[in-house]
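So you can see what is in the structure, the chains are spelled out below.
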Amino acid sequence: MLGMCRGRRKFLAASLALLVIPALTWLYLSVGSFQVKPVPLSPLEAQSSASIGGTGERQALELRVRAVEEENRALRRELSRPPKSPSAHFPISSHRGNQSRTHSEEGTGDNEGQKAAAVGNSSDCVQQPVVDKCEVRHEEILRNPLHFHFITDSIAQQILSSLFYTWMVPAVRVDFYDADELKSEVSWIPNKHYSGIYGLMKLVLTKTLPSNLQRVIVLDTDITFATDIAELWAVFHKFKGQQVLGLVENQSDWYLGNLWKNHRPWPALGRGFNTGVILLLLDRLRKLRWEQMWRLTAERELMSMLSTSLADQDIFNAVIKQNPFLVHQLPCFWNVQLSDHTRSEKCYKDVSDLKVIHWNSPKKLRVKNKHVEFFRNLYLTFLEYDGNLLRRELFGCPSEVDHNSENLQKTLSELDEDDPCYEFRRERFTVHRTHLYFLHYEYEPSSDNTDVTLVAQLSMDRKSVVQLDMANTKKALVVPAFETLRYRLSYPKSKAELLSQLDMGTLFTFRYHVWTKGHAPTNFAKWRTATTPYRVQWEADFEPYVMVRRDCPEYDRRFVGFGWNKVAHIMELDAQEYEFVVLPNAYMIHMPHAPSFDITKFRSNKQYRVCLKTLKEEFQQNMSRRFGFAALKYMTAENNS
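Report on the accompanying structure.

What counts and what doesn't
- Residues numbered from 1 in each chain as written.
- Predicted model: local features only at pLDDT ≥ 70, side-chain atom pairs only at ≥ 80, totals over all residues.
- Heavy atoms only, no water.
- Helix = DSSP H or I, 4+ residues; strand = E, 2+ residues; numbered from the N terminus.
- Buried < 20%, exposed > 50% of the residue type's maximum accessible area, 1.4 Å probe, protein only.
- Contact = heavy atoms within 4.5 Å.
- Pairing = 2+ DSSP bridges.
- Core = buried A, V, L, I, M, F, W, Y, C linked by side-chain atoms within 4.5 Å.
- Axes fitted to C-alpha atoms, helices over the stretch in contact; angles between N-to-C directions.
- Disulfide = S-S within 2.5 Å.

Across its full length, the protein carries 18 helices and 18 strands. For the protein, the residues scored as buried account for 52% of the 641 residues in total. Pairs at least 24 apart in sequence give 77% of the contacts found in the protein among residues at least 6 apart.

So, in structure tokens, the structure goes:
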């Protein structure tokens, strides 16, 4: 996606074309900032393992992790500033068409007399591009340097669509293909692999993807990129003759059949190949009648093997066994496999040699490897990234205008970076990457329009909704809140059981020990004996959990992190004449947990508290301007509290 020289805090992102298998959607397309070093292209057996002392190696890894984190922080600071004149970088071309300019052979890390381009610390950043920058010659000019292709079920499509929409990353195009329509193509293949039927869908890409798509990089979703994917894309021009598949050798003895007694793998060429990373020349595969080729091979082998153990990988290897000319073998660092029984540590001497890390074990982040802590920290660092780092036009290539992103950048640029509360003000306008999590449910709307959306820990009786006429009145239904100091609690199944635990000291009213005024207006004494809903009045610092209509006022976005978000929202509801009605038979219980990062900042950082006070005063002034004399009580209550 992007590569800047190290002198300008090199930032590397991934992928030109991506195949997503829904069963493995726990890992994101990754962004990294490794230093790239050349390693020789040779078979796995020829690679020598590192001989680094345990203590020294651990210290080196810790230093490297801190360096990565510092580069990330520096990058955030760099990208928060207005754009400057373009500097040298590693550009990436579009994925479509085979008529683009000849790529430079530098940076591919092969063994044909070429070496990876040196990346020094000079601010001049002299670097030969590994692929053509912007100009792509084909019938339909694509101006998107990144084009993702996702094969998903309907739920994964909703999740990923939301993710990319909220990322608002420029120069990125996304297409989805319905996995349910493809299942019949591979469902006849018995498969023991944990990925299920989705692990077989790479076999039908020539039929699934657009006919004018000629090249594609296919990635499992348990892949972490540690370099610019443009380097991998440049390897396509290394293909010779009838080579149509770019693959890395398998890094375990699986296909050698010697892992345990009576182990009988599918046929493979030598050690076989791993299909977590594949370079596909789709146009040539179609001419070779790939569909017929793999089907005939699978049918023949299944007569004796009965099922696949490694899904598509078994069938790919069986085809390659019969047709070895199809494969262009990639250097092992393009797919460093962390599977059980792996010999991947023989592939590299230092973690900075790596380009792609493949978590191809059901254990995922819990795999055993001497560098696993470094790999895990790299992955967790990637999870913290959001579109704010990437929304500015970074390629210097023309791309379709995204007005949402454009307006956001304009708003952010108008903020004063010297303001001590800049981070607070910036957060107010920030659009965060949103990753949806939900369970599939066959939903049928109710005929009387009294449906209730259950949010997190909230639950309630729907008859309440009808009786209180929520559809036609402005009410905020207060759910009385309690808490326990115990990490294990037998959750009360009724109000009577809850009151019993309250009397025994197992439960307390929420924040009873530190912030009683936040929920005191709920009037817990009255709630104990209440059998019908009752109304309560707003008081200073009141912050109950409420259920309201979806057209209610939104939270004020200036209050992020810890402090005053719920208080401000309840004040807004009161100003707009919402009634606060306490539900007599509903309740929620707060469970103990570690302090959040933001509350820790609130307690330890004086500037944080000063900024929060400033924002509170600004909010109250806004309330006064909007509601006039009616808002006076908020100012008075605050001064008296």
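Let us look at the side chain of Asn317. The topology assignment puts Asn317 in helix H8 (residues 312-322). The buried category is assigned to Asn317, whose relative accessible area is 1%. Other than its neighbours up to four places away in sequence, Asn317 contacts Tyr255, Pro267, Ala268, Gly272 and Phe273.

Along strand S3 (residues 146-152), seven of the seven residues are buried, which leaves the element largely enclosed by surrounding structure. Side-chain alternation along S3 places Leu146, Phe148, Phe150 and Thr152 on one buried face and His147, His149 and Ile151 on a second face that is also buried. The sheet contact formed by S3 and strand S4 (residues 172-178) spans seven bridges and is parallel. Residue pairing in the sheet places Ile151 in a bridge with Tyr177 of S4.

In this section: the nonpolar core. Side chains that are nonpolar tend, in soluble globular proteins, to be buried together. The biggest cluster of nonpolar side chains holds 80 residues, and the ones touching the most others in it are Leu232, Leu245, Leu280, Trp294, Trp334, Trp359 and Phe375. Excluding residues that lie within four positions of it along the chain, Leu232 makes contacts with Ile217, Phe225, Val277, Leu279, Leu330 and Trp334.

Below, the discussion takes up the sheet that holds strand S7 (residues 245-249). Pairing is mixed across the open sheet formed by four strands, whose spatial order is S5-S8-S7-S9. The sheet is open, and its two borders are formed by strand S5 (215-219) and strand S9 (327-330), each paired with just one other strand. Strand-to-strand twist in this sheet, taken as the mean axis angle between neighbours without regard to direction, amounts to 25 degrees. In this structure, S7 lies alongside S9, joined through four bridges in parallel fashion. Opposite Val248, over in S9, you have Leu330 as the bridge partner. Most of the contacts of H8 go to strand S8 (residues 273-281), to which it runs at about 65 degrees, and overall it touches S7, S8 and S9.

Another point: the state of the cysteines. Per the counting criterion, the structure on display carries two disulfides. Each sulfur in the disulfide pair Cys332 and Cys347 lies 2.0 Å from the other. One quick way to see it: the torsion about the S-S bond of Cys332 and Cys347 is about 105 degrees, and its sign makes the bridge right-handed. With Cys332 in the loop between S9 and strand S10 (336-337) and Cys347 in the loop between S10 and strand S11 (356-358), this residue pair connects regions lying 15 residues apart in the sequence. Here Cys421 connects covalently by a disulfide to Cys611, the sulfurs 2.1 Å from one another. The disulfide joining Cys421 to Cys611 has a torsion of about -95 degrees about its S-S bond and is therefore left-handed. Of this pair, Cys421 sits in the loop between helix H10 (403-413) and helix H11 (422-429) while Cys611 sits in helix H17 (residues 606-627), placing them 190 residues apart in sequence. For the pair formed by Cys421 and Cys611, the shared burial category is buried.

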